Number of protein chains: 2
Amino acid sequence: MKEIKSYVEANKDRFLNELFELLRFQSVSADPKYKEEVIKTADYIAQKLKDAGADNVEICATAGYPIVYGEKIVDPSLPTVLIYGHYDVQPPDPLELWETPPFEPTLRDGKIYARGACDDKGQVYMHVKAFELMMKTNTLACNVKFMIEGEEEVGSSNLGIFVKANQERLKADVVLISDTSMISMEHPSIEVGLRGLAYMEVEVVGPNRDLHSGVYGGAVANPITILCKMIASLHDENNHITIPAFYDKVVELSDAEKEALNAAPFDLDEYKKDLEIDEVWGEKGYSTLERTGTRPTLEVNGIWGGYIGEGAKTVLPSKANAKISMRLVPNQSSEEIAEIFAKHFESIAPKNVKVKVTPHHGGEPAVTPTDSKAYKAAEMAIMDSFGKKAIPTRGGGSIPIVALFEEVLGLKTVLFGFGLDSDALHSPNEKYDLYNYYKGIETLPLFHKYFAELNANG
Amino acid sequence: MKEIKSYVEANKDRFLNELFELLRFQSVSADPKYKEEVIKTADYIAQKLKDAGADNVEICATAGYPIVYGEKIVDPSLPTVLIYGHYDVQPPDPLELWETPPFEPTLRDGKIYARGACDDKGQVYMHVKAFELMMKTNTLACNVKFMIEGEEEVGSSNLGIFVKANQERLKADVVLISDTSMISMEHPSIEVGLRGLAYMEVEVVGPNRDLHSGVYGGAVANPITILCKMIASLHDENNHITIPAFYDKVVELSDAEKEALNAAPFDLDEYKKDLEIDEVWGEKGYSTLERTGTRPTLEVNGIWGGYIGEGAKTVLPSKANAKISMRLVPNQSSEEIAEIFAKHFESIAPKNVKVKVTPHHGGEPAVTPTDSKAYKAAEMAIMDSFGKKAIPTRGGGSIPIVALFEEVLGLKTVLFGFGLDSDALHSPNEKYDLYNYYKGIETLPLFHKYFAELNANG
């Protein structure tokens, strides 16, 4: 531990500068206009893996953005850790709400502000630097394989193909991912559950052209009004989702599981204060932790239609659109939910309009075990580094590839994230605490150490 | 009539070229970025009035865009016609739907395509050219005053101040406006009713920042969902508006009035075919003509919130907005309706969000008489020019200043419009038929002629 700390201390500034350089690349995978920047980011990651001592570094082409692979096989008899992460980021919109530009990383109050600071560039780069540290201090206790992709924020659709085609190369004993949060630095935690995702885009079309709302208003169905009515009907008065068969495969938690979940440190008043809201919202009969961790949800991620510029325009628009996504829990299938959503949404459209439903991407929910060697290694690493026992939590987010790794590679995952819920992922002013960044770099080598030891002891 | 026709024929091309020049100015009053263009448009109108022979032409400054004034007093004992129109236009969005650019007027199939082609540059310019014709052929039978403003599309808020301050200068016997439509060229008509307007902008604010929809979704109220629920509740299952007291002052038409209104030529199948819709929509118990002509309505003119770019972003946005306008019928007051809307909208907001309601502009409804000399003069002009008796109709649009002229100047208005409902006012590909443009220039001098004659005969 002392050696680790002194290496980090000695290289602190460089570790930060390199991360800043990584954060400057505008690697927005959702928007084609950033294409060149995304590709440059892959090049940078590959170079840094090489610099740190990785072998067989390759920028693997896919039908979309490339996957960066690299490895260090110390000894085939040692256990192998497959590190997964992503170098792409969410779009930075709305730009005007950023205090400092999203792609000009800025240090404020001990925090790094930039798109991707936490999700996932900051967290992925901890692994690169922890790897460098183990190489330079000759302490690499496991074989290591890196697989860093550039399409996580748009559904990882080419990763599945890559994983299926590279099963031999990706052989490992566990997948290690840092793309989740802890409760806090005082309450270190490990996520053991992730929700799945079905992301849809809907379009409601009324008249064949935008109309004058005075001449036609009141006589022709307004697609915005219709879309609003359709969206409004998706939750009932208890905020229960109304899509038939939506909850059919959802398993209710046992009383004991509920109790354990709700025992995690959580202060509802602090939560409301942080978000500046008077009341939380959600499905009747469930606590906030249950709502985000164990229940499927439906959110409108975007809506647009008609005139949205300055001032007033009296238009009855031809169409209105929305992006709607659902988070899924174990036993729900992304494809199945996408299908029943589309069927339901089409069925509730009145005859006055035409409706089009297009699925974006999806992903399956996952629950990771807490009785594995890998989970124990993570627990021991946290005990060493934080001096506290990690609390297992169920997160609300989705990392669809966790289910994929299990299905294709037969591998379980450890979600070893160092972010915080307050890091404003996917929002303006995303940040990552310097403390968490360095703490991650210090803690990860301990995982490798303990994972090797636990495997050596059978 | 023959002399009129030959003058128009001889000057046809110039009349069109001058209109094209007028249409090229991007006089969008709603958006400050067009400011210079709006002002240039006023200059152009003023110059053309001078060229046509108007006296005392003045570009009258206001707190907003200027009002162009000009006059020709032939003989104080003759009746005076105050011609009103506007040189500003609606924003051209969505730009991508225009077949040819909105500010590059283009002739296609005998139609002029451009923003403002019909509303109102094309129609206002008919008056300028009809005035030129009467001056050049020495047939001006009435005194004429022009008042052409640049803020009609944003609520004419400075016109009221101007009119109040210039009551002497604006003294006249009737107001003549061409800013409305006819049923068709085969069924010439005169609008005798206009709806009022209350235009509101609403904002629903949830959490203080955009959130990750996985981490917070299902536990924090989504402002888009809440806004949709609020908008959905504004119409009941009969498409009746649910705002308390909204209909209190609305007067139901008598059976005889209803019968007269529904006797106007109207083909519902053609209407649906033109808009490519399977079903019309509207308040239960009323025909399409009643819905647009005699009933108040509420339309969402725009909505936006969350991520509206390419691809998928899993955000739970901090806020959502909408532009909502109501068309009003006689006895409803714009200010009062704006107030009860705001009160109602705030009252239906759940505690999980904060709501802000901002009124844009408003205007009062108006009904114009059909037994006046001015209406008769218009009817006679149409009989001469079209060979048919004009049908009185009640339009769905709003020209709020009609009520203002009556209140401040004590003047009735004749709505002598030559547009068509299919002109795509406020929409992409706005057009004005060449035929209608020239027909207007030919018909307007007849109005002046008959109005002078009817007044001379007492």
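From a predicted model like this one, the values you see are computed outputs, not experimental measurements.

Criteria and thresholds
Residues numbered from 1 in each chain as written. Chains lettered and ligands numbered in written order. Predicted model: local features only at pLDDT ≥ 70, side-chain atom pairs only at ≥ 80, totals over all residues. Heavy atoms only, no water. Helix = DSSP H or I, 4+ residues; strand = E, 2+ residues; numbered from the N terminus. Rg over C-alpha atoms; globule rule 2.2 N^0.38 Å. Buried < 20%, exposed > 50% of the residue type's maximum accessible area, 1.4 Å probe, protein only. Polar contact = N/O pair within 3.5 Å; in protein donor to acceptor, adjacent residues only side chain to side chain. Contact = heavy atoms within 4.5 Å. Pairing = 2+ DSSP bridges. Expected span 1.5 Å × (residues − 1). Least-squares fit on C-alpha atoms with pLDDT ≥ 70 in both. Buried area = accessible area lost by both parts, 1.4 Å probe. Salt bridge = Lys/Arg side-chain N within 4 Å of Asp/Glu carboxyl O. Phe/Tyr/Trp six-rings, centres within 6.5 Å; stacked < 30°, edge-to-face > 60°. Lys NZ or Arg CZ within 6 Å of the ring centre and 35° of its normal. Axes fitted to C-alpha atoms, helices over the stretch in contact; angles between N-to-C directions. Domains from an automatic or database assignment.

1. Regarding the overall build of chain A
A count of helices and strands for chain A gives 12 helices and 20 strands. Against the globule reference of 23 Å for 458 residues, chain A gives a C-alpha radius of gyration of 23 Å, in line with a compact fold. Its C-alpha atoms give chain A principal-axis dimensions of about 80 × 50 × 45 Å. Taken over 458 residues, chain A has a buried fraction of 64%.

2. With respect to the side chain of His235 of chain B
You can see His235 of chain B is positioned in the loop between α5 (223-232) and α6 (255-262). On the basis of relative accessibility, which here comes to 5%, the residue His235 of chain B falls in the buried class. A polar contact of 3.4 Å, which involves the side chain of His235 of chain B, links it to the backbone oxygen of Leu298 of chain B. With residues near it in sequence (within four places) discarded, His235 of chain B still touches Thr225 and Lys229 of chain A together with His240, Ile241, Thr242, Trp281 and Leu298 of chain B.

3. A short note on the pairing of strand β3 (residues 80-86) of chain B
Residue and element names in this part refer to chain B. Most of β3 is tucked away, with seven of its seven residues classed as buried. Note that β3 and strand β6 (residues 143-149) share seven bridges and pair parallel. Bridge pairing in β6 links Tyr84 to Met147. Examined bridge by bridge, β3 and strand β7 (residues 174-177) share four bridges and lie parallel to one another. Directly across from Ile83, in β7, lies its bridge partner Leu176.

4. A closer look at helix α3 (residues 121-136) of chain B
Three- or four-residue spacings in an α-helix give side chains the same orientation, since the helix completes a turn every 3.6 residues. An ideal rise of 1.5 Å per residue puts 22 Å on 16 residues; α3 of chain B measures up with 22 Å between its terminal C-alpha atoms. For α3 of chain B, a buried count of 14 out of 16 residues is recorded, marking the element as mostly surrounded by other parts of the structure.

5. Observations regarding the relation of the copies chain A and chain B
With an axial shift of 0.0 Å and an RMSD of 0.1 Å, the rotation relating chain A to chain B amounts to 180°. Expressed as an axis order, the relation between the two copies is that of a two-fold axis. When the interface residues of chain A are mapped onto chain B, 100% of them are again interface residues, pointing to one common binding face.

6. Here we look at the interface of chain A and chain B
Each partner contributes to the interface: chain A provides 88 residues, whereas chain B provides 88 residues. Both sides together, the interface formed by chain A and chain B hides about 7800 Å², and carbon and sulfur atoms give 54% of it. Counting the contacts that link chain A with chain B gives two salt bridges. Here Arg209 of chain A and Asp274 of chain B are joined by a salt bridge, their closest N and O atoms 3.0 Å apart. In this structure, the connection of chain A to chain B is made through 53 residue pairs in polar contact (both at pLDDT 80 or more). Residue contributions to the side of chain A that touches chain B peak at nine residues, all from strand β12 (residues 297-306) of chain A.

7. Things to note about the packing of aromatic side chains
What the rule picks out here adds up to 25 aromatic pairs over all chains. Ring centres 6.5 Å apart and planes at 50° place the aromatic pair Tyr34 of chain B and Phe103 of chain B in the tilted group. Highlighted residues: Tyr34 of chain B in the loop between α1 (2-24) and α2 (35-52) and Phe103 of chain B in the loop between β3 and β4 (106-108), separated in sequence by 69 residues. The pair formed by Tyr34 of chain B and Phe103 of chain B is uniform in burial state, with each residue classed as buried. Relative to Phe146 of chain B, the ring of Phe131 of chain B has its centre 5.4 Å away and its plane inclined at 70°; by these criteria the two rings are edge-to-face. Of this pair, Phe131 of chain B sits in helix α3 while Phe146 of chain B sits in strand β6, and the two are 15 residues apart along the sequence. Judged on exposure class, the residue Phe131 of chain B and its partner Phe146 of chain B are both buried. Each member of the aromatic cluster is reached from another via a ring pair, and the members are Phe416, Phe418, Phe447 and Phe451 of chain A. Sitting over the face of the ring of Tyr438 of chain A, Lys12 of chain A holds its NZ or CZ atom 5.2 Å from the ring centroid. Residue placement shows Lys439 of chain A over the ring face of Phe386 of chain A; its charged tip is 4.9 Å from the ring centre.

8. Side note on the sheet that holds strand β5 (residues 111-113) of chain A
Residue and element names in this part refer to chain A. The three strands are arranged β4-β5-β20 in an open sheet whose pairing can be described as antiparallel. The strands lining the two open edges of the sheet, one partner per strand, are β4 (106-108) and β20 (431-433). When the angles between neighbouring strand axes are averaged without regard to direction, this sheet yields 30°. The pairing of β4 with β5 spans three bridges and is classified as antiparallel. Bridge assignment links Leu107 to a residue of β5, and that residue is Ile112. Each of β4 and β5 is contacted by helix α1 (residues 2-24), which is oriented at about 20° to β5, the strand it contacts most. Of the strands in this sheet, β4, β5 and β20 are in contact with helix α12 (residues 434-456), which crosses β20 at around 60°.

9. A word on the domain arrangement of chain A
Interface size is commonly expressed as the accessible area that is lost once the parts come together. All names here are of chain A. Domain annotation for chain A reports domain 1 (2-194 + 366-456) and domain 2 (196-250 + 296-363). The C-alpha-based centres of domain 1 and domain 2 are spaced at 35 Å. Opposite the 10 residues of domain 1 that make contact, domain 2 presents seven residues. Taking both sides of the interface into account, the surface hidden between domain 1 and domain 2 amounts to around 570 Å²; carbon and sulfur atoms contribute 55%. The largest per-residue losses of area from domain 1 upon contact with domain 2 belong to Gly155, Ser398 and Pro400, which jointly make up 51% of the total buried on that side.

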